[in-house]
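Here are the chains, one letter per residue:
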Amino acid sequence: MLNNIITELLHIQYPIIQAPMAGGVTTSKLVAEVSNSGGLGSIGAGYMTPIQMREQIREIKQLTSNFFGINLFVPNEFDITKDKIKSANKILQPIREQLGLHHQDNLEIPKFNNVLETFNEQIKTVIEEKVPVCSFTFGIPSSEVISELKQHNIILMGTATTVREAIENEKAGMDIVIVQGSEAGGHRGNFIDVEQESLIGLMSLIPQVVDHVNIPVVSAGGIMDGRGLMASICLGAKGVQMGTAFLTCIESGANEIHKEEILNAHEDQMVLTRSFSGKWARGIKNKYISEMQKHEATLPKFPVQNTLTKGIRNASSSQKNRDFMSLWSGQSPRLAENQTVNLLIKKIITEAKNINKSN
């Protein structure tokens, strides 16, 4: 059961993909260690410049000769109004002051054309560096981009939060679709259906997607152990993508406070917020989320709000202040452990094999 089309396509021993968490979690050591331990390590390159990407890709190649992947954010058009930015800055200013930050009026607000240009440069880097696997979040790239990547034999993975989104991924030519349940930590990859309508639990989503697409399905959201892997396989998925389980690993680049918060959190502390980035994301409730709740509807969209809060997130992280950090986590924090990547993968496979035997 653990050797299938996914292990074959991705040249991996086990059908386990480490989620490509953007923002510094996916260190070269984490990615390489996952690939060296039989899974597919993935770079979360959403916020990286093409130069940073190139450096990390080359670093990983020094640490592993196995397949690894990279994830990019598909740019979506967004509106920017000076009034909205002024209003958001006014709301954020008291928090900045608590962290000892100065006025942030001179922030370079992203423009869609620049974001699109960066994305095209990222694609170019993936091709030039011969990264074997490329996945996408927040949408599907243009047919030109897909065609170009396929010409270079790069395996493509799309993200879906509904059956409709999965069907669109298949139509566009993706080789694999990652279905992301509402249990998933951080940002989810919805792009057709609005956030509230795409909050489908993973165990409901897997069989419905499997019945409607012919490409292999990988499940994501709240999976932490061999039980989650086997449940996904029983429902028709060919593999799993795991984020939070790897985030608390020793090799992860997550802030130690972030790791500790997950390791000590309970499932009822996980909430959805758009106050950090302008896009709904799941994390541990803290002072910032509580204070910003009443303003959520008026905040600018991603990536504008993400830029406005960058200083707050960086300062709270360096000051080890949990109150204003984005503590992303899936809904199964009680299953998280601080251990090496190798030990985590070994445990998952042992559990999965034991379940298989007992059945």
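Okay, so let's go over this structure. As the structure is a computational prediction, the values presented were derived from the model and not from experiment.

**As for the nonpolar core**
Counting residues in each nonpolar core, the largest one holds 71 residues, and the members touching the most others are Phe136 and Phe246. It is helix H15 (residues 341-358) that provides the largest number of residues to this core, a total of six residues. With residues near it in sequence (within four places) discarded, Phe246 still touches Ile16, Ile17, Gln18, Met21, Leu30, Val34, Ser252, Val341, Leu344 and Ile345. Grouped together as the second largest cluster of nonpolar side chains are 21 residues, Ile85, Leu92, Leu99 and Ala281 included.

**Thoughts on the side chain of Thr137**
Tracing the backbone shows Thr137 in strand E4 (residues 133-137). By relative accessible area, Thr137 is classed as buried at 11%. In this structure Thr137 touches Asn71, Leu72, Phe73, Val74, Thr159 and Gly189, once residues within four positions along its chain are discounted.

**Some details on the pattern of salt bridges**
Once their charged atoms are close, side chains differing in charge can pair, the charge on each being opposite to the other. Under the definition given, this model contains eleven salt bridges. The salt bridge involving Arg54 is made with Glu128; its shortest N-O contact spans 2.7 Å. Of the two residues, Arg54 is situated in helix H3 (residues 50-63) and Glu128 in helix H5 (residues 112-128); the sequence distance between them amounts to 74 residues. The partner of Lys347 in a salt bridge is Glu337, with the nearest N and O atoms 2.9 Å apart. On the criterion of sequence distance, the pair formed by Lys347 in helix H15 and Glu337 in the loop between helix H14 (310-318) and H15 is long-range, its members being ten residues apart. Judged by relative accessible area, which is 37%, Glu337 ranks as partly exposed. Linked through salt bridges whose partners overlap, the residues forming this network are Arg54, Arg58, Lys61, Glu128 and Glu129.

**Quick word on the side chain of Gln56**
Inspection of the secondary structure puts Gln56 in helix H3. Residue classification places Gln56 among the buried residues on the basis of a relative accessible area of 11%. Of the polar contacts made by the side chain of Gln56, one reaches the side chain of Ser28; its length is 3.5 Å.

**Re the pairing of strand E2 (residues 41-44)**
Neither face of E2 is left uncovered, since the one carrying Gly41 and Ile43 and the one carrying Ser42 and Gly44 both have all their residues buried. Bridging between E2 and strand E3 (residues 68-73) involves four bridges; their strand directions are parallel. Within E3, the residue paired with Ile43 across the bridge is Ile70. Taken together, E2, H3 and E3 form a β-α-β motif whose crossover is right-handed.

The rules behind the values
Residues numbered from 1 in each chain as written. Predicted model: local features only at pLDDT ≥ 70, side-chain atom pairs only at ≥ 80, totals over all residues. Heavy atoms only, no water. Core = buried A, V, L, I, M, F, W, Y, C linked by side-chain atoms within 4.5 Å. Buried < 20%, exposed > 50% of the residue type's maximum accessible area, 1.4 Å probe, protein only. Helix = DSSP H or I, 4+ residues; strand = E, 2+ residues; numbered from the N terminus. Contact = heavy atoms within 4.5 Å. Salt bridge = Lys/Arg side-chain N within 4 Å of Asp/Glu carboxyl O. Polar contact = N/O pair within 3.5 Å; in protein donor to acceptor, adjacent residues only side chain to side chain. Pairing = 2+ DSSP bridges. Right-handed = clockwise from strand over helix to strand, strands pointing away.

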